[in-house]
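Inside the fold
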Amino acid sequence: MNASAMPAAAGNADAVGGQEIRLANVSKIWGDTRAVDDLSITVPAGTFTVLLGPSGCGKSTTLRMIAGLESADEGSILIGGRDVTALPAAERDLAMVFQSYALFPHLSVAENIVFGLKVRRVARAERDTRLKRVADLLGLSALLERKPGQLSGGQQQRVALGRAIIAERPVCLMDEPLSNLDAKLRHEMRVEIRALQRKLGFTMVYVTHDQVEAITMADQVVLLNGGKVEQASDPRSLYTRPETPFAARFIGVPPMNVAELSAIVPDAARMGAPLSGARVGLRPEALAPVQDGPLAARITHVEYLGADALVDCVVNDAALVMRVGGGVSLGEGDTVRLGFAVEDLHVFDGADGARRDDLVKDVAPLLRT
Ligand code: ADP
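Residues numbered from 1 in each chain as written. Predicted model: local features only at pLDDT ≥ 70, side-chain atom pairs only at ≥ 80, totals over all residues. Heavy atoms only, no water.

The subject of this paragraph is the nonpolar core. One broad rule of soluble globular proteins: the nonpolar side chains tend to lie buried together. Formed by 47 residues in total, the largest nonpolar core has its most connected members in Leu 52, Ile 113, Met 174, Ile 193, Met 204 and Tyr 206. Residue contacts for Met 204: discarding those within four places in its chain leaves Val 43, Thr 47, Phe 48, Thr 49, Cys 172, Met 174, Ile 193 and Gln 197. Listed in part, the 33 residues of the second largest apolar core include Leu 275, Val 315, Leu 320 and Leu 330. (Core = buried A, V, L, I, M, F, W, Y, C linked by side-chain atoms within 4.5 Å. Buried < 20%, exposed > 50% of the residue type's maximum accessible area, 1.4 Å probe, protein only. Contact = heavy atoms within 4.5 Å.)

To continue, consider unusual backbone geometry. Following Val 253, the chain continues to Pro 254 via a peptide bond in cis, the omega torsion being -10°. Note that Pro 254 resides in the loop between helix H8 (245-250) and strand E11 (257-260). Pro 274 follows Ala 273 through a cis peptide bond whose omega is 5°. Position of Pro 274 among the secondary structure elements: in the loop between helix H9 (261-264) and strand E12 (279-282). Despite not being glycine, Glu 168 has its phi angle at roughly 55°, a positive value. Turning to its location among the elements, Glu 168 is positioned in the loop between helix H4 (153-165) and strand E7 (171-175). (Helix = DSSP H or I, 4+ residues; strand = E, 2+ residues; numbered from the N terminus.)

Moving on to the site of the ligand. With respect to spatial proximity, the complete set of residues near the ligand consists of Trp 30, Ala 35, Pro 54, Ser 55, Gly 56, Cys 57, Gly 58, Lys 59, Ser 60 and Thr 61. Backbone polar atom of Cys 57 to an oxygen atom of the ligand: 3.1 Å apart, as the coordinates give it. One of the side-chain N or O atoms of Lys 59 is found 2.9 Å from an oxygen atom in the ligand. Relative to its free-state accessible area of 560 Å², the ligand is covered by the protein chains to the extent of 58%. With three residues, the top contributor of residues to the shell around the ligand is helix H1 (residues 59-67). When grouped by side-chain class, the residues that make up the shell around the ligand number four nonpolar, five polar and one charged. (Near = heavy atom within 4 Å. Polar contact = N/O pair within 3.5 Å; in protein donor to acceptor, adjacent residues only side chain to side chain. Areas by Shrake-Rupley, 256 points an atom, 1.4 Å probe, with all protein chains shown as cover. Nonpolar A, V, L, I, M, F, W, Y, C, P; charged D, E, K, R; others polar.)

For the structure on display, the rule yields one cavity of 30 Å³ or more. What the largest cavity holds in volume is close to 40 Å³. Residue lining of the largest cavity: Val 16, Arg 133, Val 134, Leu 137, Ile 165, Glu 168 and Leu 200, and that is the complete set. When residues of the lining of the largest cavity are assigned to their parent elements, the largest contribution, three residues, is made by helix H3 (residues 124-138). Residues of the lining of the largest cavity, tallied by class, amount to five nonpolar, no polar and two charged. (1 Å grid on protein atoms, 1.4 Å probe; cavity = no way out; pocket = protein on both sides within 12 Å on 5 of 7 lines; lining within 4 Å. Points joined across faces, edges and corners; volume = space filled by probe spheres on them.)

Running from N to C, H4 and helix H5 (residues 183-200) point in directions that differ by 20°, and their axes come no closer than 11 Å. With respect to H5, the element H4 is oriented roughly parallel. Our pair here, H4 against H5, has a crossing hand that is right-handed. Of the residues in H5, those touching H4 at Gly 153, Gly 154, Gln 157, Arg 158, Leu 161 and Ile 165 are Leu 185, Met 189, Glu 192, Ile 193, Leu 196 and Leu 200. (Axes fitted to C-alpha atoms, helices over the stretch in contact; angles between N-to-C directions. Parallel < 35°, antiparallel > 145°, perpendicular 65-115°, else oblique. Left-handed = near helix turned anticlockwise from the far one by under 90°.)

This brings us to the domain arrangement of the chain. As a measure of interface size, the accessible area lost when the parts come together is often cited. Domains assigned within the chain are domain 1 (21-240) and domain 2 (254-366). The C-alpha centroid of domain 2 is placed 39 Å from the C-alpha centroid of domain 1. (Domains from an automatic or database assignment.)

Sheet topology places strand E9 (residues 220-225) next to strand E10 (residues 228-233); five bridges connect them, and they run antiparallel. Its bridge partner lying in E10, Val 221 is registered against Ser 233. Between E9 and E10, which pair antiparallel one after the other, the connecting turn spans two residues, and Gly 226 there sits at a positive phi close to 60°. (Pairing = 2+ DSSP bridges.)

In this structure, the largest pocket encloses a volume near 590 Å³. Forming the boundary of the largest pocket are 23 residues, of which Leu 94, Ala 95, Met 96, Arg 163 and Arg 169 lie nearest the centre. Secondary-structure elements contributing two or more residues to the lining of the largest pocket are strand E6 (94-98), helix H2 (109-119) and H4. Taken together, the residues that form the lining of the largest pocket break down as 17 nonpolar, two polar and four charged. By volume, the second largest pocket is sized at about 180 Å³. Lining the second largest pocket are Ser 108, Ala 110, Glu 111, Val 114, Lys 118, Arg 124, Arg 127, Asp 128, Leu 131 and Glu 145. Put simply, the parts of the chain that give the lining of the second largest pocket at least two residues each are H2 and H3. Here the lining of the second largest pocket is composed, by residue class, of three nonpolar, one polar and six charged.

The next subject is the sheet that holds strand E8 (residues 203-208). Here we have six strands laid out as an open sheet, ordered E6-E7-E8-E3-E9-E10, and mixed in their pairing. Strand pairing shows two members of the sheet lacking a second neighbour, E6 and E10, which therefore form its edges. Strand-to-strand, the axes of this sheet are offset by a mean angle of 15°, without reference to chain direction. Note that strand E3 (residues 48-52) and E8 share five bridges and pair parallel. Residue Leu 52 lies in a different strand from E8, and its bridge partner there is Thr 208. Seen against the sheet, H4 touches E6 and E7 and runs at an angle of roughly 165° to E6.

This next bit is on H5. Counted at 1.5 Å a residue, the expected span for H5 with its 18 residues is 26 Å, and the 26 Å between its end C-alpha atoms agrees. Where H5 is concerned, the buried positions are Leu 185, Arg 186, Met 189, Arg 190, Ile 193, Arg 194, Leu 196, Gln 197 and Leu 200. The buried residues of H5 occupy one face: seen down the axis, they fall within an arc of 160°. Pointing more than 90 degrees away from the buried face of H5 are the exposed residues Lys 184, Val 191 and Arg 198. Following H5 by one or two positions, Gly 201 adopts a phi angle in the positive range, close to 75°. (Expected span 1.5 Å × (residues − 1). Arc of directions from axis to C-beta.)

Written out as structure tokens, the structure reads:
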């Protein structure tokens, strides 16, 4: 990725500017568990990084350490070049939005948004100017006098965002802020948050377990697994060049097919390492029924989804899922030949799971049944 080359909303009158966040060898240890284990990541100033991964992988703990709500047991955290590892949350100059965004029910939308500024004794004229700007940005201008109870879930969420961004901090941290919303609102809010971040140019660290949120919003996705970085890259590379089978299967619906080469081509078991243990990856959308295709497959199930269909196939000892257009007529028990483009073939090392682009040229011609 080249996020560091992106100016933080340069030349934009609304820009608050962002600061770089750097975690160096950060760990958090609870009893016997290394919840976050020697984590090193850089979030360039003014860019959007998503911490992604399954439940329990350490996303929230990492965010809370950046926020100063948890202390790091090892390593250091720098924000804008300043070592904040030992500083309390209040001195880290950041804004936060959490899943439970509890608004004050007895205060109006306007009062909720400016609450923090009032506490910090920002002058009235300045508060009003900022409130107007934030309300315009978030489409809340017509709702300022309402109480939270008179708002939809999405509007309440926007008030929570407004409350965070009115502080005009260079760093914003969000932990699953959309998980209480329905699918349509989530989509709208994803677009809105991303647009706001671009416009204001602050640095964002955003936690989610939802791969769609990560892929659609991030400049950089940090995929965590067991407290460690599995892969940190731009969304496109995460999809096109996953570095491990875990990353390959975490992104994409349904997940990439990852099978031992020897399950597809039994002869491969008799070859020496690395081919004998190699694993191959082919996304469902990379497979297609092709006359004279290299793989002989038997169809075990077809799930029709309208625009497309998911076809479960068996090729020797490997079960593979293929995605085809909804109009393709295939049925259980059919035999077909499958094809794929060599560019869509992924190969992983049998021993450590690392991506092995060097083996593609050897593996591709073997995939023939
Ligand atoms: P995620 O946000 O990815 O779901 P968390 O960061 O919340 O994961 O948790 C990472 C690990 O640390 C989990 O195993 C979790 O049980 C553990 N953990 C989190 N908070 C605490 C705590 N306060 N005390 C003990 N263990 C914790």
